[in-house]
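# Tertiary structure, described
Each chain, letter by letter, is given below.
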Amino acid sequence: MSTRVPRDILFGNPEKTSPKVSPNGKLWAYLAPDEGVLNVWVGPEGGTAAPLTRDRGRGVRTFLWAEDERSILYVQDKNGDENWHLYQTDVETRLTRDLTPYPNVQAQIVATEPTRPDEILVALNDRDPRSHDVWRVNLKDGSRTLEATNPGDVIGWLPDHDFNIALQKAMRSDGGTVLRLKNGDGWRDFLSCGPDDQLGAHGFAPGGKAVYVESSVDRDTTALLEVPLDGGSHKVLAEHPESDLGSVLLHPRTYHVEAVSFEVDRQRWTVLDPKLKADFAAMEALEGDISIVSRNDADTVWYLLVNRSDRSPAYLRWDRPKRSSSPLFATRPGLESYTLAPMTPVTYAARDGLKIHAYLTAPAGRKPEKLPLVVLVHGGPWARDRWGFHPEAQWLASVGLAVLQINYRGSSGLGKRHLHAGDREWGAKMQDDLTDGVNWAVAQGIADPDRVAIYGGSYGGYAALAGAAFTPNVYRCAVDVVGPSNLMTLIQSIPPYWEPMRRIFDLRVGSVDTEADFLKSRSPLFFVDKIEIPLLVAQGANDPRVKQAEAEQIVAALRAKGKPVEYLLYPDEGHGFAKPSNRLDFYAKAEAFLTRHLS
């Protein structure tokens, strides 16, 4: 089989993806192209489906069944502006209506509840663009009533089992977090932590007398706790010494916690409900990392995602009574004709001794010796790379490049020491971790030190620019996708609804108000004189997070100095490229750029 994978198979629309069984188990829905645009298809469970939604723009990316099973709900923005509207499409009439028809307002789905099938809780920032209030929306007539008003610091909401908002997550002025419980007509503080810790809630326990809380207080990694509402002693349900809490599997009807995942190099499940132990034991025979993505009310049918690094993601139907699986579909079956490259977890020591977890993908069928290398930097930066199928890694490997994906300091998921080791280290120690990864790959004989590129999106785009500006001798070329070039203008132009989290930027990046010189010293825009390598810069015109100006100011500065830079602007995209035509255009030009400079 060939190892050269066509870009349209990797970056075009999937053939099918994201299946969801209806609550009563009679129907299923999934995403698939309709006239070249991803839409929701619906049909008898496991059988032939037909297009339901009629989006003709960026396509539907996420959806859910309404609890009444009479409609599909999904959110959609306009050309990447992230002002999502909530849409409802009736399964029988196929008519679609906008449940949040308000201009320049962002809708966030908070929750649905099977005992209240005609309602949905939605957060909207129509009163104040900085704050989302919660509204109860009637799915029959589209009317709404105010459920909870945001005092200005709340970033998350949680309903109780009666489907009333009963817990809020808020940001303190010092960058810490507080969980508040509903107390009559007001709220009372329940749990809090400082800015170095993490705190969140996953749901109310059965009976409503306790909350499932994720917390790193008094430990390095986040654990799952059961905390009584009356302030009694908490119970530790699950924790891992090297990994933060990952997914939390709650029973959708009884609300008890069933299993949790942790991930150092690969995803691993800890089963807490004895009734599921046999299921998870049987699922271990399936090759890949397993996630439960949908289940029916009777809990007899699960849809599983099987994720492998060297094969198309695939979905299976799990028959719980029989504890057996049957295939639903692969998302990109065209990949079966090609030999994909395995992704290997690796570790190395940064120059100050910090242990760094990374993933290496080398071209299939070739010895990993003296290869051109692409350091593929994840965004966030408070996120992480994961093992599994990665289209960009497969694309790069298929054209003969080794790929190194690094969970540098500042990445999340590996404990608060690792996370906060990146505080105030943009362009400094965070960048050193990437350089040290290159040096590791060279020392292992994997990489040719004269043919290394740095490439990433969002923070990864910043890292690409920083690599060119601050370590110009390490890389041959750089690719920046929607990356900030000036930390001052980045922070000054964050979306208004990020305002409660501004203190996080002060602590982890630097203060715009008091540390302008410091932020400029970490901003590639002010170091274009040091950039000698060719750059490719790509940007979405409607990006609300990293504005178009971030790309254009550094492109203009480079061109004024006669520096080599190519610039791609996509007028109908935002923070990343959703339309297949734009993705294929970008990856064709990025491949030509990398091939030209790494050959």
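To keep things clear, this report deals only with the structure shown in the data block. Residue positions are given per chain, counting from 1 as you read along its sequence in written order. A pLDDT threshold of at least 70 governs which residues receive local features in this predicted model, and a stricter bar of 80 or more applies before side-chain atom pairs are shown or counted, although totals over entire chains, interfaces and linings include all residues. Remark: hydrogens and water are excluded; side-chain values derive from all non-hydrogen atoms of the structure.

## Considerations on the overall build of the protein
A count of helices and strands for the protein gives eleven helices and 35 strands. Computation of the radius of gyration draws on C-alpha atoms alone. For the globule rule, the value is 2.2 Å times the number of residues to the power 0.38. The C-alpha radius of gyration of the protein comes to 24 Å, within 12% of the 25 Å expected for a compact globule of 599 residues. Dimensions of the protein along its principal axes, counting C-alpha atoms only, are 65 × 60 × 45 Å. Exposed residues in this analysis have more than 50% of their type's maximum accessible area, buried residues have under 20%, and partly exposed residues fall in between, with area computed by a 1.4 Å probe over protein chains only. Looking at the protein residue by residue over its 599 residues, the buried ones come to 57%. By definition, residues are in contact when any of their heavy atoms lie within 4.5 Å. Considering only contacts in the protein between residues 6 or more positions apart, those separated by 24 or more positions represent 52%. If you sum the accessible surface of the protein, you get close to 23600 Å²; carbon and sulfur atoms cover 49% of it. Only four residue types enter the charge count: Lys and Arg as positive, Asp and Glu as negative, with His and the chain ends excluded. Charge placement uses NZ in Lys and CZ in Arg. For Asp and Glu, CG and CD serve respectively. Each charge class in the protein can be summarised by its mean position, and for the 69 positive and 79 negative side chains these summaries are 2 Å apart. Secondary structure elements are defined from DSSP: runs of H or I of at least 4 residues count as helices, runs of E of at least 2 residues count as strands, and each element is numbered from the N terminus. To measure how exposed things are, a 1.4 Å probe is used in the Shrake-Rupley method; for residues, cover is taken only from the protein chains shown.

## Looking at the nonpolar core
The term nonpolar core refers to a set of buried residues drawn from Ala, Val, Leu, Ile, Met, Phe, Trp, Tyr and Cys, joined through side-chain atoms within 4.5 Å. Counting residues in hydrophobic clusters, the biggest one holds 57 residues, and the most contacted among them are Val375, Ile406, Leu434, Tyr475 and Leu535. Grouped together as the second largest cluster of nonpolar side chains are 32 residues, Val374, Tyr455, Val479 and Leu594 included.

## Quick look at the side chain of Arg522
Along the polypeptide, Arg522 turns up in the loop between helix H9 (516-521) and strand S34 (535-540). The salt bridge definition used is simple: a Lys or Arg side-chain nitrogen within 4 Å of an Asp or Glu carboxyl oxygen. Buried and unpaired, Arg522 has no salt bridge, with Glu425 as the nearest side chain of opposite charge at 4.5 Å. Setting aside anything within four residues of it in sequence, one finds Arg522 in contact with Arg424, Glu425, Trp426, Gly427, Ala428, Tyr462, Phe470 and Leu487.

## Some words on the sheet that holds strand S17 (residues 199-204)
Across the sheet, four strands lie side by side as S17-S18-S19-S20; this open sheet has antiparallel pairing. What marks the edges here is a single partner per strand, and that holds for S17 and strand S20 (235-238). Ignoring strand direction, the axes of neighbouring strands in this sheet form an average angle of 30°. Between any two strands, at least two bridges found by DSSP are needed for them to pair. The pairing of S17 with strand S18 (residues 210-215) spans five bridges and is antiparallel. Counted as the bridge partner of Gly200 is Glu214 from S18. Axis definition: a line fit to C-alpha positions, over the contact stretch in the case of helices; interaxial angles, taken between N-to-C directions, run 0 to 180 degrees.

## Remarks on the packing of helix H5 (residues 429-443) against helix H6 (residues 459-470)
When two helices pack together, their arrangement is given by the angle between their axes and by how far apart the axes lie. Axis separation between H5 and H6 bottoms out at 11 Å; the angle between their running directions is 75°. Put simply, H5 runs roughly perpendicular to H6. Taken together, the residues of H6 that come into contact with H5 (itself represented by Met430, Gln431 and Leu434) are Tyr459, Ala463, Ala466 and Gly467. Throughout this description, any angle smaller than 35 degrees is read as roughly parallel, any larger than 145 degrees as roughly antiparallel, any in the 65 to 115 degree range as roughly perpendicular, and the remainder as oblique.

## Structural notes on the sheet that holds strand S11 (residues 131-138)
Pairing between the strands of a sheet comes from backbone hydrogen bonds, and it takes one of two forms, parallel or antiparallel. Across the sheet, which stays open at both edges, the four strands sit in the order S9-S10-S11-S12 with antiparallel pairing between neighbours. Each edge of the sheet is formed by a strand with only one pairing partner; in this case those strands are strand S9 (107-111) and strand S12 (144-148). Between one strand axis and the next, the sheet turns through 40° on average, direction left out of account. Of the pairings in the sheet, the one linking S11 to S12 comprises four bridges and is antiparallel in character. Within S12, the position partnered with Val134 by the bridge is Ala148.

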